[in-house]
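Chains, contacts and geometry: an overview
Each chain, written out:
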Amino acid sequence: MYELIKRDGLTKRGRFTTVHGVIETPVFMNVGTAAAIKGAVSTEDLNRIGTQVELSNTYHLHVRPGDEVVKKLGGLHKFMVWDKPILTDSGGFQVFSLAGLRKIKEEGVHFQSHIDGRKIFMGPEESMRIQSNLASTIAMAFDECPASTKDRDYIEKSVARTTRWLRRCKTEMERLNSLPDTINPDQMLFGINQGGILEDVRIAHAQAISELDLPGYAIGGLAVGESHEEMYRILDAVVPHLPLHKPTYLMGVGTPANILEAVERGVDFFDCVYPTRNGRHGHVYTNQGKLNLFNAKYELDDRPIEEGCQCPVCQKYSRAYIRHLLKAKEMLGMRFCVLHNLYFYNTMMEEIRQAIEEGRFKEYKKQKLAGMEQTKNV
């Protein structure tokens, strides 16, 4: 399952073996919420730019096209033509993000679809069944993500319920994996640590869920409004209480700087919509900082987005041409920016893994951060 190859301080270099292939960690998972990367990026593109893991969302696929439809078509891998690992988020984050459309009870959550308003119920068992139908490699436990602004009493009760839900998720997944018609009987369950920005609640929850001996553990409920300093403080407190020989996943994070800081604290898995969302708005990442290709100064700039970059876009196209596409509202411009950004993230993770192996991660991190602060000079 998970092999710890090298440690450099708290930083981990690992290898996670799954039924759909090996994941070299630290890793950035490319986000395809509805079984597609926003920005017209195909799974063939993902292979070309070094993607190891694709992430899709249980709630969104349950709403459209329906998890039963995906199962009838052979599961998510066959549906989207992707043979590498897929992680499915449980739908629990929608408990947080769709606050005005839901009601939380012990049995689960009553939703109102954000698409057509129809009523939906999802609890631990339902989330596991949906994810089993999708047949992802890794299924995330169903949890509640309490806002950090909630009071201690609410957060403590929420976390206790999330622990009870996790036990129900584990029982249901074991049952589903034993059924003869299950597409992926080797589906793995990751638990999720919650607790807002309360260190003692976070630590106690990490210790409680670690006892369940799951294949991996995530830290949820961060990057949802708290400061970066608060996020790093929670990581400092919590990561040492999660199993060293299991992957640790920081959900929904983040910027390149966030990733570097979290890797230094022992995190293995990351996902974030930033590279795709920013790309669709003409913002691209380089080792000298982030560029806004809508800016007039790129109108006659015949250089690639980043000189020396080996991505499919930088090998052929200029900043000037991509700016023209963006200004003309041609989808190709968005596609190029998203492709470049995902390549930048995937390549950064390769560099991080190599730096850890060579015992020079702190030096790499310092140089990377210094370079990316030069935006104003590009």
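Below, the structure is looked at part by part.

What counts, and where the lines are drawn
- Residues numbered from 1 in each chain as written.
- Predicted model: local features only at pLDDT ≥ 70, side-chain atom pairs only at ≥ 80, totals over all residues.
- Heavy atoms only, no water.
- Salt bridge = Lys/Arg side-chain N within 4 Å of Asp/Glu carboxyl O.
- Helix = DSSP H or I, 4+ residues; strand = E, 2+ residues; numbered from the N terminus.
- Buried < 20%, exposed > 50% of the residue type's maximum accessible area, 1.4 Å probe, protein only.
- Contact = heavy atoms within 4.5 Å.
- 1 Å grid on protein atoms, 1.4 Å probe; cavity = no way out; pocket = protein on both sides within 12 Å on 5 of 7 lines; lining within 4 Å.
- Points joined across faces, edges and corners; volume = space filled by probe spheres on them.
- Nonpolar A, V, L, I, M, F, W, Y, C, P; charged D, E, K, R; others polar.
- Polar contact = N/O pair within 3.5 Å; in protein donor to acceptor, adjacent residues only side chain to side chain.

This part is about the pattern of salt bridges. This structure, assessed with the given rule, holds 29 salt bridges. The partner of Asp236 in a salt bridge is Arg265, with the nearest N and O atoms 2.9 Å apart. In this pair, Asp236 sits in helix α9 (residues 228-238) while Arg265 sits in the loop between α10 (256-264) and β14 (269-271), placing the two residues 29 residues apart along the sequence. A relative accessible area of 43% means that Asp236 is categorised as partly exposed. Salt bridges sharing common partners tie together Asp236, Glu261, Glu264, Arg265, Lys362 and Lys365.

Let us now look at helix α12 (residues 319-327). Among the residues of α12, those classed as buried are Arg319, Ala320, Ile322, Arg323, Leu325 and Leu326. Those residues of α12 that are buried lie in contact with β16 (289-292) and α13 (331-357).

Here we take up the layout of surface pockets. Each pocket or cavity is described by its volume, and for the largest pocket that value is around 1,100 Å³. Lining the largest pocket are 45 residues, with Thr33, Phe93, Asp271, Val273 and Arg277 positioned closest to its centre. Among the secondary structure elements, those contributing two or more residues to the lining of the largest pocket are β5 (54-57), α2 (58-63), α5 (92-97), α9 and α11 (274-280). Class assignment of the residues belonging to the lining of the largest pocket gives a composition of 20 nonpolar, 17 polar and 8 charged. Considering only enclosed or pocket space, the second largest pocket measures out at about 180 Å³ in volume. Lining the second largest pocket are 12 residues, and of these Thr255, Pro256, Tyr285, Lys290 and Met372 lie nearest its centre.

What follows covers the side chain of Lys12. Considering the arrangement of structural elements, one finds Lys12 in strand β2 (residues 11-18). Only 3.0 Å separates the side chain of Lys12 from the backbone oxygen of Leu244, close enough to count as a polar contact. Polar side-chain contacts of Lys12 include one of 3.1 Å to the backbone oxygen of Lys246.

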